[in-house]
2 protein chains.
Amino acid sequence: MENKILVFGHKNPDTDSICSSLVMADLQTKLRGKEIIPCRLGEINEETKYILDYFKIEAPKYIEKVEEGQTVILVDHNEFTQTVEGIEKAKIDTVVDHHRINNFQTSEPLFYYAQPVGCTATILFELYTINNIKIEPKIAGLMLSAIISDTLLLKSPTTTEKDKKAVSELAKIAKIDIESYGLEMLKAGTDLDKYTEDELIHLDAKKMENGDIKYVIAQVNTVSIPDVLKRKEKLETEINKEILANGLSLFVFVITDIINSNSVAIVLGDRTDAISKTYEIKDNIAVMLGVVSRKKQILPLVEKNM
Amino acid sequence: MENKILVFGHKNPDTDSICSSLVMADLQTKLRGKEIIPCRLGEINEETKYILDYFKIEAPKYIEKVEEGQTVILVDHNEFTQTVEGIEKAKIDTVVDHHRINNFQTSEPLFYYAQPVGCTATILFELYTINNIKIEPKIAGLMLSAIISDTLLLKSPTTTEKDKKAVSELAKIAKIDIESYGLEMLKAGTDLDKYTEDELIHLDAKKMENGDIKYVIAQVNTVSIPDVLKRKEKLETEINKEILANGLSLFVFVITDIINSNSVAIVLGDRTDAISKTYEIKDNIAVMLGVVSRKKQILPLVEKNM
């Protein structure tokens, strides 16, 4: 495997990170005429499991670190705090992403395709089109699933016209009914009972850095916020452990109701002011009506208030 | 002008930075249906003057800084050390570049198109094609000139197949003979007699940072290296002044023979070892046979040796 190019999404992989790794490996294998290996930097979540089972696709290979000089392709992330161990000495060949650029640098020129759209897969869809590569139904299904996941069925404020257009064209190729498939898929990701509190706060946690300040914004999807809040005390205990262990200034645990598009967050740490300047915090809880997007709605707010 | 999007290349603008600003402004104006303003962050050099005169195109507007919240598009660079004053508080909408990514960050997602090709204009040419925008002859002439300049008539090791293909197609649209026009254009940039030594070392100087180490790699093109070396002593005086004034650890002044594709560098500072580990330095001079590219040949070497 040493000579092969590896492609992976971020740590604590969500559906976009897993699906886009598989899709990018397919695209790049076809473009370069040599096998590119899809990888993952963590456990597959329940939503993604549902998708891989549905399309009968094997999960990407798990890797923990890369060797010096390893050629890599990043999808759905760029920040070194969110990527594989050893990235500083790897050769970053290509990045396809839809996030801000931060904590990222290379010593050599590279391919970098970023767009402010709802999902990495939307950009990958464009790359298939630009390069005149035919999209197989299974690959279309993966891209479609990633977009549905990242945009919560095109309802998140991160959704753009490009995401909508991609979903509509991909649904035709994959022969999928968007609404019924999408809702089943999203619901599969909301079965949180099987996770311990410690697992829950790590499930989709993004570690951020702002100067010397380290903080985490974690997010889970649910169809019932009260169900998750029943576990508030235990969640707080785990979050406080995490803050101590990693010297965090802030931990925001966002619980998002995917049916009604609202969120409630458990907010702990020395810098809760980064949230409380905008949302009232009572008993460590901030109610965020109409908020579903970490990237578009919560992260910019925290950065502004820091 | 406050509400209009500004597009500019790096400080000490070379031909690619000026031409790509003009071209990107044309492309984005057509794509967005509203006027985008081409700008520049420094004086137009002799080579670029020749091009603008040839195609009868006005130089981009000079700007020194941008206001908070100003929307900007960067071409041919990304490093904050090379860009406009005030960038930290501007909104970076789009970047089109062919350099490594370094000293760059945003708080929000953006368009970022980078490819490891010889010239920014080669990527812009692709963007016209992808977006089905017709290229006017003058715009083709600007892109063609930028690629000829950055690749020294397709002879630099930075040259890729994409650059060659772009040049060939653009020459047809602009109705230009590549060889004769290209040589005249490059020669126009080698008239260095009119500059003072102080001006020469700033003409195309890129300021770099590696951790706490600040250094500069400057480059001039010539048809006669000995002619430039006649001014060695005065150049050294100016370079040493610059090192003192800006706390630089290294200043590499690269004199490139565009006809024979060789370079000679004047190397001064505490960290000349970053060059001497690879090239023997005698009397502050390193002879670099076959070296013409700062980006591809000199910068990676300095970074490796630091």
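The shown structure was predicted, so the numbers you read here are calculated from the model rather than taken from an experiment.

Caption draft 1: A look at the sheet that holds strand 9 (residues 250-257) of chain B. Residue and element names in this part refer to chain B. Taken in spatial order, the 6 strands make up an open sheet running 7-8-9-10-12-11, and their pairing is mixed. Of all strands in the sheet, those with a lone pairing partner are strand 7 (205-210) and strand 11 (281-282), marking the two edges. One ladder, built from 7 bridges, connects strand 9 with strand 10 (residues 262-268); its direction is antiparallel. Counterpart to Ile 255 in the pairing with strand 10 is Val 264. Packed onto the sheet, helix 9 (residues 232-246) meets strand 8 (213-222), strand 9, strand 10 and strand 12 (285-288) and runs at close to 50° relative to strand 10. On top of the sheet, helix 11 (residues 294-305) reaches strand 7, strand 8, strand 9 and strand 12; it is set at about 150° to strand 8, its chief contact.

Caption draft 2: Fine view of the interface of chain A and chain B. On the chain B side, the residues contacting the 20 residues of chain A number 20 residues. The largest contributions to the chain A side of the interface with chain B come from Ile101(A), Pro109(A) and Pro116(A), which together make up 26% of the buried area. Viewed at the interface, chain B and chain A are joined by 0 salt bridges. Counting across the chain A and chain B interface gives 4 residue pairs in polar contact (both at pLDDT 80 or more). Counting residues per element, the side of chain A that touches chain B draws most heavily on strand 6 (residues 111-114) of chain A, which supplies 4 residues. A class-by-class count of the residues in the side of chain A that touches chain B yields 10 nonpolar, 7 polar and 3 charged. Strand direction decides the pairing type here: strand 6 of chain A and strand 6 (residues 111-114) of chain B, joined by 3 bridges, are antiparallel. Within the sheet, the bridge partner assigned to Ala114(A) lies in strand 6 of chain B and is Tyr112(B).

Caption draft 3: Focus on the relation of the copies chain A and chain B. Between the two copies, chain A and chain B, the superposition gives an RMSD of 0.1 Å; the rotation angle is 180° and the shift along the axis is 0.1 Å. With respect to symmetry, the two chain copies, as superposed, fit the operation of a two-fold axis. Minimal C-alpha distance to the rotation axis in chain A is attained by Tyr113(A), lying at 2.5 Å. Taken as a fraction of all interface residues of chain A, those also at the interface in chain B reach 100%, which identifies the copy contact as same-surface.

Caption draft 4: Region of the structure containing the domain arrangement of chain A. All names here are of chain A. For chain A, the domain assignment lists domain 1 (5-187) and domain 2 (197-305). Distance from the C-alpha centre of domain 1 to the C-alpha centre of domain 2: 25 Å. Facing the 20 residues of domain 1 at the interface are 21 residues of domain 2. Across the interface of domain 1 and domain 2, roughly 1700 Å² is buried in total on both sides, 54% from carbon and sulfur atoms. Linking domain 1 with domain 2 are 1 salt bridge, by the criterion used here. The residue Glu 303 makes a salt bridge to Arg 100 at a minimum N-O spacing of 3.5 Å. Looking at the side of domain 1 that touches domain 2, the element that brings in the most residues is helix 6 (residues 178-188), giving 3 residues. Taken together, the residues of the side of domain 1 that touches domain 2 break down into 5 nonpolar, 10 polar and 5 charged.

Reading the values: the criteria
- Residues numbered from 1 in each chain as written.
- Chains lettered and ligands numbered in written order.
- Predicted model: local features only at pLDDT ≥ 70, side-chain atom pairs only at ≥ 80, totals over all residues.
- Heavy atoms only, no water.
- Pairing = 2+ DSSP bridges.
- Helix = DSSP H or I, 4+ residues; strand = E, 2+ residues; numbered from the N terminus.
- Contact = heavy atoms within 4.5 Å.
- Axes fitted to C-alpha atoms, helices over the stretch in contact; angles between N-to-C directions.
- Buried area = accessible area lost by both parts, 1.4 Å probe.
- Salt bridge = Lys/Arg side-chain N within 4 Å of Asp/Glu carboxyl O.
- Polar contact = N/O pair within 3.5 Å; in protein donor to acceptor, adjacent residues only side chain to side chain.
- Nonpolar A, V, L, I, M, F, W, Y, C, P; charged D, E, K, R; others polar.
- Least-squares fit on C-alpha atoms with pLDDT ≥ 70 in both.
- Domains from an automatic or database assignment.

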